[in-house]
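Observations on the model geometry
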There are 2 protein chains.
Amino acid sequence: MKVTILGNNSALPAFGRNPTSQIVSVYGEYLLMDCGEATQIQMQRHGIRWRKLEHIFISHMHGDHYFGLVGLINSMSLLGRVAPLHVYGPAPLQGIIQTTLDLADTELSYPFFFYPLPEGSDVLVETDTFKVTCFPTEHRIPCHGFLVESKTRGRKILPAQCRDKEIPRYFYDKLKKGEDYVRKDGKVVKNEEVTTEGPRPKKYAFCADTLSTDSFIEYIRGADTIYHESTYLHAEVEKATVRYHSTSVQAAELAKKAGVTQLLLGHYSSKYRDVVPFRQEARAIFPNTQTTVEGMTYDV
Amino acid sequence: MKVTILGNNSALPAFGRNPTSQIVSVYGEYLLMDCGEATQIQMQRHGIRWRKLEHIFISHMHGDHYFGLVGLINSMSLLGRVAPLHVYGPAPLQGIIQTTLDLADTELSYPFFFYPLPEGSDVLVETDTFKVTCFPTEHRIPCHGFLVESKTRGRKILPAQCRDKEIPRYFYDKLKKGEDYVRKDGKVVKNEEVTTEGPRPKKYAFCADTLSTDSFIEYIRGADTIYHESTYLHAEVEKATVRYHSTSVQAAELAKKAGVTQLLLGHYSSKYRDVVPFRQEARAIFPNTQTTVEGMTYDV
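Residues numbered from 1 in each chain as written. Chains lettered and ligands numbered in written order. Predicted model: local features only at pLDDT ≥ 70, side-chain atom pairs only at ≥ 80, totals over all residues.

All names here are of chain A. At a closest axis distance of 8 Å, the pairing of helix H9 (residues 248-257) and helix H10 (residues 276-283) adopts a crossing angle of 40°. Relative to H10, H9 is oriented oblique. Both H9 and H10 take part in a crossing whose hand is right-handed. Across from Ser248, Val249, Ala251 and Ala252 in H9, the residues of H10 making contact are Phe278, Glu281 and Ala282. Per-class residue counts for the contact of H9 with H10 are five nonpolar, one polar and one charged. (Axes fitted to C-alpha atoms, helices over the stretch in contact; angles between N-to-C directions. Helix = DSSP H or I, 4+ residues; strand = E, 2+ residues; numbered from the N terminus. Parallel < 35°, antiparallel > 145°, perpendicular 65-115°, else oblique. Left-handed = near helix turned anticlockwise from the far one by under 90°. Contact = placed C-beta atoms within 7 Å. Nonpolar A, V, L, I, M, F, W, Y, C, P; charged D, E, K, R; others polar.)

Pasting the structure below:
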């Protein structure tokens, strides 16, 4: 699982940084977390192909988290998208999307599904390869974070060994599930001879906008990576609290308490040109911290 | 009067080109014509200061002409704008702006006024220095172009000559209006001795999205500069017509027929990487044609 940052600034675009948007890639499939203004332009710039995108998650109704959504929805239609698109977001977003499309006299080229977020937590989508759960954060208006869990795809095939043991391709799916292969002559090829352990399932949490709180810690506990906002450096902790935002130090403290492996910071206030101090403050508490950079991809 | 192009692509952003947006500068005051996605980012990039902006004009309800509007409105509020903002656009736009702000629980820091466009033509705003009139174009949904006329500011003061003739500053406004100055000793300073002819009023027409038509030619007749869409090269004239758009050749023919001085082309389809052929086609009919480039400023 990987995360590509398309926008990591807070509401005001500044210093070339865009509002919130990121792509979570799970076994090559894209999930879009928030869709601030210019997300479609950022996708083009960073080579993110919309054909791999079927699920979009919007955390809350502040414009810097969704003003790029209808433009992206519309552009994919102009480009002749056929595959369904699934959008998960606050209930009122559906009306905005529909009204905007209606006023433009636009009929989408593809099936479009909208799923309103619940008040609390719920599984939003589950496939063979991933599961996404939403959880409430604490912001000025209702807001949700999203937990993405990849699933194991079973054991990893060793192709050379399989050929050597003359195992037919159709049996590979069973090998992935751990089965041994019985040859026509009755000889058994042990599964461990031709496979190794597959990649471990991963957990990534996009914590959206939130003031510093433990209220959602159970959802992110033990995650491989979390993205937590750090709108301000810790000197501005009072301002952060009043505005329902967090500081670098608060994000690091939560990462430590939740026992995660890696912390990604973002949602920087436009008052900061240089974001290195965010990393310095956070690393003093939680060493495995990255200050995200737009266009960069981070392993979960 | 000058025009700075912030976005000149059609609906799909492509090759680094953004959706429609342009700044008309009249005696240093900014008028924004359309506000496609990422306009606020383009304003930052090209040094357009929002403090000089009090009037925004939206041509129609296709997203590539207004998806950047609420973001810009909101950002100016976050930055503590105090001066009133006036937005002129299709009536349903008001509801979208209000709903979006309400859902974000946003109260603007400044007085905001919305003026719905009429069905036909009307003067939208008139000040001491300019007048803006809307006129209907022919598009798939209701659409308006905007005619900006600057007013004369009177004769141009020659400061050295004024000092030489000992004319006090308070009299300068009267000099601009053409009056002679009578000195205390009764001697008359003829106006022509201390002024020259002021800049001539200018006419600029932003023709928005439209198929090729003469229906609004009376509004743009004799303009110094018009911006006319050329979504397609002329080889695609049938596609242009079906989609209520124009070609480079059609734009040039209208410019010629309307007796304008300069033609600016834009709203290029995302299928064209190179826009030089638009200029070549148009110049064969109307030589004083420019293919606009984002970030460039054109004298009207």
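There's more to say after this.
Let's shift gears to the relation of the copies chain A and chain B. The operation relating chain A to chain B is a screw motion whose rotation component is 180°, with 0.1 Å of axial translation and a residual RMSD of 0.1 Å. The superposition of one copy onto the other is thereby described by a two-fold rotation axis. Ranked by how close their C-alpha atoms come to the rotation axis, the residues of chain A are headed by Ala38 of chain A, at 2.7 Å. (Least-squares fit on C-alpha atoms with pLDDT ≥ 70 in both.)

Attention now goes to the domain arrangement of chain A. Splitting chain A by domain gives domain 1 (2-153 + 199-299) and domain 2 (156-196). When each unit is reduced to the centre of its C-alpha atoms, the spacing between domain 1 of chain A and domain 2 of chain A is 41 Å. (Domains from an automatic or database assignment.)

Residue and element names in this part refer to chain B. If you check the backbone angles, Phe15 has positive phi at about 50° while not being a glycine. With respect to the helices and strands, the residue Phe15 is situated in the loop between strand S1 (2-7) and strand S2 (21-26). Note on Phe15: 12 C-beta atoms within 10 Å, which makes it exposed. Phi is positive for His267, close to 60°, though the residue is something other than glycine. Summarising the element assignment, His267 is placed in the loop between strand S16 (262-266) and helix H10 (276-283). (Buried ≥ 20, exposed ≤ 12 C-beta atoms within 10 Å, placed from the backbone.)

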